[in-house]
Amino acid sequence: MRLVVLDSEKCVGCQCCMFACARRSGDAGLATSSITVRSTGGMERGFKVVVCRACDDPPCASVCPVGALTVQPQGGVRLDEKKCIGCGFCVKACIVDAVMWNEDDNKPMICVHCGYCVRYCPHTVLGMEEKEIVHAQ
């Protein structure tokens, strides 16, 4: 399963998804959220939810010089914090700006597609879907 943005037009910028994500890891603020909501012009123009899109060939993983990001079969990547050296190459490589940065730990934060945030979105902006696994022939 992977996290998807079902309808960004419904987003009102409440940041409930961000609070839920941070809370999942035990934090109360927004600094450790692996998902973000950005304004595209406020209530008049709307908001954009930025989350890992579970790329088939994630550029964030391919640029990691120490192999700290492992590509998952259903999409997305997992971070091995012990291997990570905090170079930030993954942040620059992400084509949708979905790799957040934890300033305190000097490490990336990337959505793990757990779906916890989906439960807290009051407008069904987010959802979970099966990702088709493409097998090499």
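One can find the structure itself at the top, above this paragraph.
Just so you know, these numbers come straight off a predicted model, no measurement behind them.

Draft legend 1. Structural view of the packing of aromatic side chains. Under the defined criterion, the tally for this structure stands at one aromatic pair. Aromatic pair Tyr 116 and Tyr 120: ring centres 5.2 Å apart, planes at 50 degrees, arrangement tilted. Taking the relative accessible area as the measure of exposure, Tyr 116 reaches 21% and is therefore partly exposed.

Draft legend 2. A look at unusual backbone geometry. Residue Gln 15 is not a glycine yet carries a positive backbone phi of 65 degrees. Assessed through its relative accessible area of 26%, Gln 15 is described here as partly exposed. The residue Ala 54 is not glycine, and still its phi comes out positive at about 55 degrees. Mapping Ala 54 onto the fold places it in the loop between β3 (46–50) and α3 (59–62).

Basis of the calculations
Residues numbered from 1 in each chain as written. Predicted model: local features only at pLDDT ≥ 70, side-chain atom pairs only at ≥ 80, totals over all residues. Heavy atoms only, no water. Phe/Tyr/Trp six-rings, centres within 6.5 Å; stacked < 30°, edge-to-face > 60°. Buried < 20%, exposed > 50% of the residue type's maximum accessible area, 1.4 Å probe, protein only. Helix = DSSP H or I, 4+ residues; strand = E, 2+ residues; numbered from the N terminus.

That is the geometry; function is a separate question.
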